[in-house]
Amino acid sequence: MTFLSVILTTIFFFGSLQYNAFNCNKSDLKENLNQLSSCQTNEIVNWDSSLLGLTKEGYAIKQRDLLNALQGQILATDDIELITLFKRAVRNHNTLYSEYEAKPIVSFNKHHPDLDFKIPETNIILDVLDSEVIVTSELSILRQSDSSSLILDGYKQEVSEVYINGSKLNDSEYKVTAHELIILSLPKDPEFILKVISKIDPYNNDSMEGLYKSGKWLSTQCESEGARRIFYTFDRPDNLSKYTVTIIADNKKYPTRISNGNLVFEGIHSDGRAIITWHDPYPKPSYLFASVLGDFDIAEGTYNTEDEEEVKLQVFVEKGKKEQAKYSLWALKQSMLFDQTFFDRKYDLEYLKMVSIPDYNHGAMENKGLLIFNAQRLLIDKESGPDNYFRAIAHTIMHEYAHNWSGNRVTVKNWFELPLKEAFTDFRSMLFNEYLFSSEIARIEQIQRLRESQFPEDASALAHPIQIESYVSSDELYDQTTYVKGREVFRMLHTILGDKFRVAQNAYFSKYDGQAVSFKELLSTLNEVSEVDLSVFERWFHQVGTPTITLSMDYNSDNNTAEILVKQSCLHPKTHEEQKPFHIPLFLELINLDGKIIAPKIKVDFKDREMVFRFDNVDEKPIPLFLHGLSAPVKWKYDFTDQELESIILHTDDAFWRFEAGNIFVKKQLINLATTIMKNPENEIFLSSNVHNFYRHVLNSKTLSPMAKAQIFDLPSLRTLAEELKIYDYQFIAKVRDKYKKQLAKELENDLVDLLEKNPNPKTYNPYSKNFVHDMKVRELRNSILSYLVSFDEEKYVSLSTDQYLDSDNFNNKLASVNILANTSGPQREKTLHDFYEKWKNDKTVINHWIIAIVSSKNCTIEMLDDIQNKDSFDPKNPNHLRSIFRVFANNLTVYHDSEGKGYKYLTDNIIRIASFNPVLANQFIQAAFVDYKKLADAQKSLMQKQLIRLREAPGVAASIKERANNFLSES
Ligand SMILES: [Zn+2]
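Residues numbered from 1 in each chain as written. Predicted model: local features only at pLDDT ≥ 70, side-chain atom pairs only at ≥ 80, totals over all residues. Heavy atoms only, no water.

Engineer: Break down the domain arrangement of the chain for me, with residues and values.
Structural biologist: Accessible area lost when the parts come together is the quantity often used to give the size of an interface. The assigned domain composition of the chain is domain 1 (3–105), domain 2 (114–295), domain 3 (296–404), domain 4 (419–431 + 438–542), domain 5 (548–644) and domain 6 (841–972). Computed from C-alpha atoms alone, the centre-to-centre distance between domain 4 and domain 5 is 25 Å. Listed as interface residues are 20 residues of domain 4 and, on the opposing side, 20 residues of domain 5. Counting each side, the surface lost to burial between domain 4 and domain 5 is near 1800 Å², with a carbon and sulfur contribution of 65%. Mapped by element, the contributors of at least two residues to the side of domain 4 that touches domain 5 are α9 (439–458), α10 (480–497) and α13 (539–542). Of all the elements, α9 adds the most residues to the side of domain 4 that touches domain 5, at six residues. Here the side of domain 4 that touches domain 5 is composed, by residue class, of 11 nonpolar, two polar and seven charged. (Domains from an automatic or database assignment. Contact = heavy atoms within 4.5 Å. Buried area = accessible area lost by both parts, 1.4 Å probe. Helix = DSSP H or I, 4+ residues; strand = E, 2+ residues; numbered from the N terminus. Nonpolar A, V, L, I, M, F, W, Y, C, P; charged D, E, K, R; others polar.)

Engineer: Can you tell me about the confidence of the model for the chain, naming the residues and giving the values?
Structural biologist: When pLDDT is averaged across the chain, the result is 93; 96% of the residues are at 70 or more. Segment residues 1–21: pLDDT under 50, and 40 contacts once partners within four positions in sequence are set aside and those in other chains are kept. (pLDDT = per-residue confidence, 0-100.)

Engineer: Describe the packing of aromatic side chains, naming the residues involved and giving the relevant values.
Structural biologist: Evaluation of the coordinates by the stated rule reveals 56 aromatic pairs. Ring geometry for tyrosine 837 and tryptophan 850: centres 4.7 Å apart, planes at 45 degrees, overall tilted. Here tryptophan 850 lies in helix α24 (residues 847–855) and tyrosine 837 lies in helix α23 (residues 827–840), a separation of 13 residues in the sequence. By the burial criterion, tyrosine 837 is buried, and tryptophan 850 matches it. If you follow lysine 195 out to its NZ or CZ, it ends over the ring of tyrosine 163, 5.0 Å from the centre. Its guanidinium or amino end placed over the ring of tyrosine 933, lysine 941 lies 5.2 Å from that ring's centre, counting from NZ or CZ. (Phe/Tyr/Trp six-rings, centres within 6.5 Å; stacked < 30°, edge-to-face > 60°. Buried < 20%, exposed > 50% of the residue type's maximum accessible area, 1.4 Å probe, protein only. Lys NZ or Arg CZ within 6 Å of the ring centre and 35° of its normal.)

Engineer: Which residues make up the coordination of the zinc ion, and what are the values?
Structural biologist: Perfect tetrahedral coordination of a metal by four donors corresponds to 109.5 degrees between them, and perfect octahedral coordination by six donors corresponds to 90 or 180 degrees. Protein coordination at the zinc ion: the donors are His399 (NE2), His403 (NE2) and Glu422 (OE), at 2.0 to 2.1 Å from the metal. Along the chain, the residues donating to the zinc ion are arranged with the sequence spacing H-x3-H-x18-E. Residue histidine 399 is located in helix α7 (residues 387–402), and its partner glutamate 422 is located in helix α8 (residues 418–437); the two are separated by 23 residues in the primary sequence. Each member of the pair, histidine 399 as well as glutamate 422, is classed as buried. (Donors = N, O, S within 2.8 Å, 3.2 Å for Na, K, Ca; no water.)

Engineer: I'd like a description of helix α11 (residues 500–512), backed by residues and values.
Structural biologist: For α11, built from 13 residues, the straight-helix expectation of 18 Å at 1.5 Å per residue is met to within 8% by its first-to-last C-alpha distance of 18 Å. Looking only at α11, the buried set comprises Phe501, Ala504, Gln505, Asn506, Tyr508, Phe509 and Tyr512. Where α11 is buried, its residues contact α6 (326–343), α8, α10, β24 (516–517) and α12 (519–530). Where α11 ends, the next residue or the one after it, glycine 514, has phi of about 80 degrees, a positive value. (Expected span 1.5 Å × (residues − 1).)

Engineer: Now, about the sheet that holds strand β4 (residues 150–153): what can you tell me, with residues and values included?
Structural biologist: The sheet built from three strands is open, its strands ordered β4-β8-β7 with antiparallel pairing. Across the chains shown, the open sheet's two edge strands, defined by having one partner strand only, are β4 and β7 (174–176). Neighbour to neighbour, the strand axes of the sheet diverge by 15 degrees on average, direction disregarded. By the bridge criterion, three bridges tie β7 to strand β8 (residues 180–183) in an arrangement that is antiparallel. Looking at β8, one finds that tyrosine 174 is bridged to isoleucine 183. (Pairing = 2+ DSSP bridges. Axes fitted to C-alpha atoms, helices over the stretch in contact; angles between N-to-C directions.)

Below you can see the structure in the form of structure tokens.
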């Protein structure tokens, strides 16, 4: 009897497995797992003769039960070989019998196996035919162990021939399973060449991973595990290889045929098709492999590096869109200059290519020398994109470019280290954005993103440390914590180390160039080179949740002293236990009500639970300012008076505090209003004259910029207010917020109209001019005012928005009008939306703005979502279109959280549907859909629970998605 039956008996008769039974049969267990991990459908019935009476389904179910029962015990052994075998067995089982899925496996960093072989060189030939692509891969294999078999990752490839050192292997010498190519007969030599010829079908690949068709083009996406859909390899980041890629394809159909690196050969193939070869001299992991074929317009430029080396820049775009690529070419040059000037990073290839792809799951991808972008993140001009997209595009271009060092030249050891490349890179990109677009705009946007999207994630079931310890699917790691909190952690390092950061970073890049590393290597280099003790700081990498800083002031007017006590606290979001204190770059400054500086700003390394600061000779109660620029991803508490807040806005030169003071004032008023309405639901409530005066002082200030004025119109999000009130009734909160806005607009009507006149629209729209940033601020202020005026008196002010829509020469103002009108109910709403649709219906990218305007409006209904999907311009597989509907819908809180749960059901139906062809995208929607689950009132919670259960039980949905549903359900 095999071990399998012993276990089955144990399960069925005793209800659970005994560790002893499993321990003494470990080698049998390994053998059985080995069989399951490499078997194909027709082999499974030979497993155990005593169970031959069972149907194939019966076997699958028993195997599933067995695997599920074993998981905990196997992981607990820390036996890496056994765990690796187990993971392969579960993966194979899930593929063979998707209806009887074994429980998804949690992968742990500590169980990551070393490579038995290395592949220093990879040669690939892509022979592109009309109905398939023949892939010939030739890998130089270097032994690292005496292993007798070689197991390569591969998926959805049809293998036809396999060779070792030129000799063809027969069928018994290798095996192809759903996920692997296993070479059973290996030479003992330390080095040998493996050649594999296989067929792939990019034309029917909806997953948008590997090589796939987008429009008339072929493109790749290999991060994190897409390369295995193109060729067999160790598809993991620590397998570094130098690539040579040859493409054979029809020149007419695909005049552009590109891959990573430099061009080495171009000619005509024997059958008349074109042949081209690219070579990348830098070793890279498979996830950075890329290739694109198509018929593009090409915008070109050059960039000279510090050493006067010329780099040829090319942007490949859809025919007719060359004009829209001008800005990205400009932003690319700015990025190259920025990384060189401020971080000593130089570009290292002759070519730098950027390609725009309309059907793309992510924002963009940093493939070495060949950056691929979602069209929405590359194409823009004044007629096709709003101000904030100019900023987002510059940010994305810098991000992908900056990866050339943090990610490409120095890469990550495994996917647990993902934030090492993403956060490190996005940190430089966020500084770039602040440099181009001012702190007043860019830093505040970054802070809002952190608070709106990462803080809730860090308090939910999805919370994880920056240094990831475990995951089910690497898809789930591409989240707000990895990017948004991660980049803040690097920003703090930069603040703490000051000038030493640059020196230490340079040392890290030189030391680990061409290697795959982890946070350990980065931190030890920073420690060593800077000689700053980062031992407490390292907790930012291992602890979860958002710390809170609490300040209290003891001012003594008798002896003119001020004592400030600062405390920090951070409870673990799951265990609710207090964690160790963090190293926080705090800053402290004191001003008085007239804005005079009482104590100048000092930098403080706050590493303990509490700290006391004492100031002498202070003859009035001071106003403390701290965490300048939001110097740490934390929440803070201190009771400012309204007068103090006004003084901060009017006098500080810190853009964060100007924004923050207004933000707190408005939040306070809204909370007061909500509380009063709850107590006296029947009474008519009016805002006090103090509130009006506060606004008037700010709006009439001669020194404040239009942006600072615009920011006090920025109302806190519904989610922020819900958090403060601990009431997750979004309809109620929205009503309170609308009431506040209307009353304020009514009271300030004359001031607002006056302000509009004093801040006329800039005459020209020029993203390359020095005034562009100032002009953005003016437009922001004007559109905020318009939205207030329309909210209070629709009839009177709708015409202002309509005129702006018709008369503006730029997309930003047209779109602002569309968004304002989408929230109104009169005939101008339909008319404007219709006009906008007709103008852009043939542009797959720009039409997203139309979708978002409808889906994010307060008038949105589920019927409207269906109508959008029935339009000719809607592409049901295009990720941008799907995101514009479903993710935006999940964030339209008043509509999504309807009291009957229709919104939850609608979104879950669609997540299940989308998961069947694009699990990566479905995964992106889950966070937005269920992030509030734990906090909802019982009735809403049970409606959402029903949908989470449906998602968990849905057939054909990826195990990682089910696991996430399960995580939410298990939240206490
Ligand atoms: Zn990235």
